Amino acid sequence: MVGSLRLAAAAAAADVGGRAAAISPPGFRRPRLLSGHTGRSRRLEGRRGCPGGLKGFAWRGKPSGLCTGSNICFVSSCVWLYLQQTKMEYEWKPDEQGLQQILQLLKESQSPDTTIQRTVQQKLEQLNQYPDFNNYLIFVLTKLKSEDEPTRSLSGLILKNNVKAHFQNFPNGVTDFIKSECLNNIGDSSPLIRATVGILITTIASKGELQNWPDLLPKLCSLLDSEDYNTCEGAFGALQKICEDSAEILDSDVLDRPLNIMIPKFLQFFKHSSPKIRSHAVACVNQFIISRTQALMLHIDSFIENLFALAGDEEPEVRKNVCRALVMLLEVRMDRLLPHMHNIVEYMLQRTQDQDENVALEACEFWLTLAEQPICKDVLVRHLPKLIPVLVNGMKYSDIDIILLKGDVEEDETIPDSEQDIRPRFHRSRTVAQQHDEDGIEEEDDDDDEIDDDDTISDWNLRKCSAAALDVLANVYRDELLPHILPLLKELLFHHEWVVKESGILVLGAIAEGCMQGMIPYLPELIPHLIQCLSDKKALVRSITCWTLSRYAHWVVSQPPDTYLKPLMTELLKRILDSNKRVQEAACSAFATLEEEACTELVPYLAYILDTLVFAFSKYQHKNLLILYDAIGTLADSVGHHLNKPEYIQMLMPPLIQKWNMLKDEDKDLFPLLECLSSVATALQSGFLPYCEPVYQRCVNLVQKTLAQAMLNNAQPDQYEAPDKDFMIVALDLLSGLAEGLGGNIEQLVARSNILTLMYQCMQDKMPEVRQSSFALLGDLTKACFQHVKPCIADFMPILGTNLNPEFISVCNNATWAIGEISIQMGIEMQPYIPMVLHQLVEIINRPNTPKTLLENTAITIGRLGYVCPQEVAPMLQQFIRPWCTSLRNIRDNEEKDSAFRGICTMISVNPSGVIQDFIFFCDAVASWINPKDDLRDMFCKILHGFKNQVGDENWRRFSDQFPLPLKERLAAFYGV
């Protein structure tokens, strides 16, 4: 911590702009709440414990230095008892020797020597035992003006951390002294100290002190009227932080709705002579736009009028806040902006080209937000000739981007990654889904396509925002955008300057999704050009080309393989072995996308692909190794059992197992490796048998260790840390992969382990993702070795029933699927459990806006329950038959669909009246089968002909005339009706 504080203090001295960005320890979010006090001297009463501390208190009328050395607490206690009896008022003053000790510590904490920093940290922790230590810290911050500013600010930051950690233990007198000093010094002449004081006040307020400090907000608002600039600016800075962090409570009855006074007050300062004050005023009001705060809505016209008046402000921070306000108003008060929309769009066009990149970025957000509004297409169409070149221009790397990206470094593959280069990685739990006949975009969002080519710069910048805006506008205007883009692309893609050429390739990628149809005529020329760009001498050109080509992978795969797929695959595999780490990463990600699109088209090239991916193991540094695991896992998912050949297994498994053996159980690199092995195990099937026992055992151990640590943490949270449950989740998912891949071969491993007991605990975990993965494993073990699952069914079924809650979509989905698998194995013995689940399933299938995957799994499970227990399920047929039929008409012919349709046919034979009203939907569902088994086809025939015979030929003819022609023809051809 002290090292962080040292860095913070150094940075603070250099930059005090905005939100005192430099004075907060790196890696911590700045608290933005506020509290304060009137500054009156208070009687010291109601305190418990020893107020003695750092070499003494100095009391009014008494000499200082009463406490020295080891008698510190004893003497202080005596003074305390005396005070309790006399209720004597006090004024705290530091002991000089104690003060010098603190100052020495503050100086030492700025040392680059980590040993000194550790020693200082230990001393600071010891000093926290003395309540008046915090008095010394506030004294250095606010009164010791002879000290340098970074030291004073650092003292305030340490106090801020103490407030966060120990505020509830502060004696009343100390709290009052700190509050009083903060408010008395909110107008310090130093911007750094003002900002530190503001952050300290907001941290106190974050501890619930807004309610306990009723005169705080009135006091700060009154300070806004001070003729002293520093006081006004300091008070406004503190108020801005309150508004940012406490918007909800400010707009509530808890504080008697202070915004009714504050918002009109803020609006008065939009015309203040100081740009800093104007900026604070706009920023304060902006906090209440999205929540549609009533106090602001009453003054909305005045607010918008004032914003327009500030549009041309010379201060970038003001312009930025004006742009931010307009972006938010688009979402909440479009009605008020519409009359001015032409002028607003023109203004935002200017600001998107602002010399200050922060202003330009804020303005660029406008196009992203506008694209989500229904009026976008009509409002923007006449501005496209101006807007598109502006966005395209914003997609070029700036000079500073290139420096930060080390754009001049072409070969860096041998340089080890620093840990901060590696982003935290989150595991996506296993979800069971059905396969579909139709090609199409998956329902779940896939963020592999994000415009994320320069993640070592800040997470969001003008280049990314411009590209994202172009992407969403391409989805709004589709091919209508191309006349504005193509002339620019022609110039950019063949430009002699690499920065311009690179931006053109990014543009081409950004429009891929929205303008795909219109781009198809140009792709036969463009794809070979892009494949050529994969060999460009500039690494940043090669890396963006990988991403753009991945956006057109679907089209590439739809063409004859030798035309584009083979050349693209060949060049991408070369780039996977590039000498630049950024290119390796982009190529690996692009190849994973290509694998998903090409699937079994890649089978002829498997040896070449595996050769490259395995060689990359020896070449890659830490970060790219994690991406390589994903590429291998995706390959296994895409080619499936084709990977199960001895020569492929011999190439692939040794390096994976070597990595597996190297990693410790607590290493988070296990996450992507376990995910990868899960896909590989499923694909290799029996080919994974030689490796399965140690992998299985380690997964069981990971689950057991995590559960044990969670129990310790629940029992004694102060002594034991909460475990990272992702270890357990990825282990459960790999066990699922093993069960799916090995099938019955996993039986011996399950018999020798306590996995079912562990799974029982996981199924009841508070964390949804743990339950989600445990239900997936339950379903896979039910299929693979039901003899071990069956004795636990009475325990498992009530838990499954309580998890049929569509608020947790993926948990509900996997629980539903597992119930279906169990029912097939249980047969008639499922009867006692039907009441636990059937009503919830019927409710889910009739629920509006239920995701497709959940609807399909619910329909299959209802069908399977009806197959094994028709007498129990059929009476409810009428309540679910229509959504059941529409849910299953699009999934591929497979075993799950087969058993579900057998169930529906059996239920119809038990309760034929349940289907009569929706018989057309049943006919449509039957027609969705490509190749049903003979006995299932006979069941369909029997029901169709039975219905036709019952109603008579004439009624059937009238009924079937309602059918769409393809349905009518298909039923006639396949079933003779």
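Before reading further, recall that the structure is shown in the block above.
Before going into details, it helps to say that this report is about the structure given with it. Only a predicted model underlies this, so the values are computations on that prediction, with no experimental measurement involved.

Time to look at the overall build of the protein chain. Of the regular secondary structure elements, the protein chain holds 52 helices and zero strands. Counting the 977 residues in the protein chain, one finds 57% classified as buried. Looking at the protein chain alone, contacts between residues at least 24 apart form 76% of all its contacts between residues at least 6 apart. Surface exposure of the protein chain reaches about 41,800 Å², of which carbon and sulfur atoms provide 51%.

Quick look at the packing of aromatic side chains now. Scanning all chains against the criterion turns up 27 aromatic pairs. Plain terms: the ring middles of tryptophan 884 and phenylalanine 901 are 5.0 Å apart, the flat faces sit at 65° to each other, and that makes the pair edge-to-face. Placement of the pair is tryptophan 884 in helix H47 (residues 877-888) and phenylalanine 901 in helix H48 (residues 895-910), with a sequence separation of 17 residues. Clustering of aromatic rings is evident, with ring pairs tying together Trp884, Phe901, Trp929, Phe940, Phe974 and Tyr975. Between the NZ or CZ atom of arginine 463 and the centre of the ring of tyrosine 397, over which it lies, the distance is 3.7 Å. When the ring centre of tryptophan 660 is taken as reference, the NZ or CZ atom of arginine 698 above it lies at 4.8 Å.

Helix length check: helix H13 (residues 275-286), at twelve residues, gives a terminal C-alpha distance of 16 Å against a target of 16 Å (1.5 Å per residue), a fit within 8%. Burial runs high along H13: ten of the twelve residues are buried. The complete set of buried residues in H13 reads Ile277, Arg278, Ser279, His280, Ala281, Val282, Ala283, Cys284, Val285 and Asn286. Buried positions along H13 lie against helix H10 (229-245), helix H12 (259-268), helix H14 (294-297), helix H15 (300-309) and helix H16 (316-332).

Mapping serine 823 onto the fold places it in helix H43 (residues 809-826). Take serine 823: its relative accessible area is 0%, and that puts it in the buried class. Beyond its immediate chain neighbours, meaning those up to four positions away, serine 823 contacts Met830, Arg864, Leu865 and Val868.

Rules used in this analysis
- Residues numbered from 1 in each chain as written.
- Predicted model: local features only at pLDDT ≥ 70, side-chain atom pairs only at ≥ 80, totals over all residues.
- Heavy atoms only, no water.
- Helix = DSSP H or I, 4+ residues; strand = E, 2+ residues; numbered from the N terminus.
- Buried < 20%, exposed > 50% of the residue type's maximum accessible area, 1.4 Å probe, protein only.
- Contact = heavy atoms within 4.5 Å.
- Areas by Shrake-Rupley, 256 points an atom, 1.4 Å probe, with all protein chains shown as cover.
- Phe/Tyr/Trp six-rings, centres within 6.5 Å; stacked < 30°, edge-to-face > 60°.
- Lys NZ or Arg CZ within 6 Å of the ring centre and 35° of its normal.
- Expected span 1.5 Å × (residues − 1).

In short, shape yes, function no, at least from these values alone.
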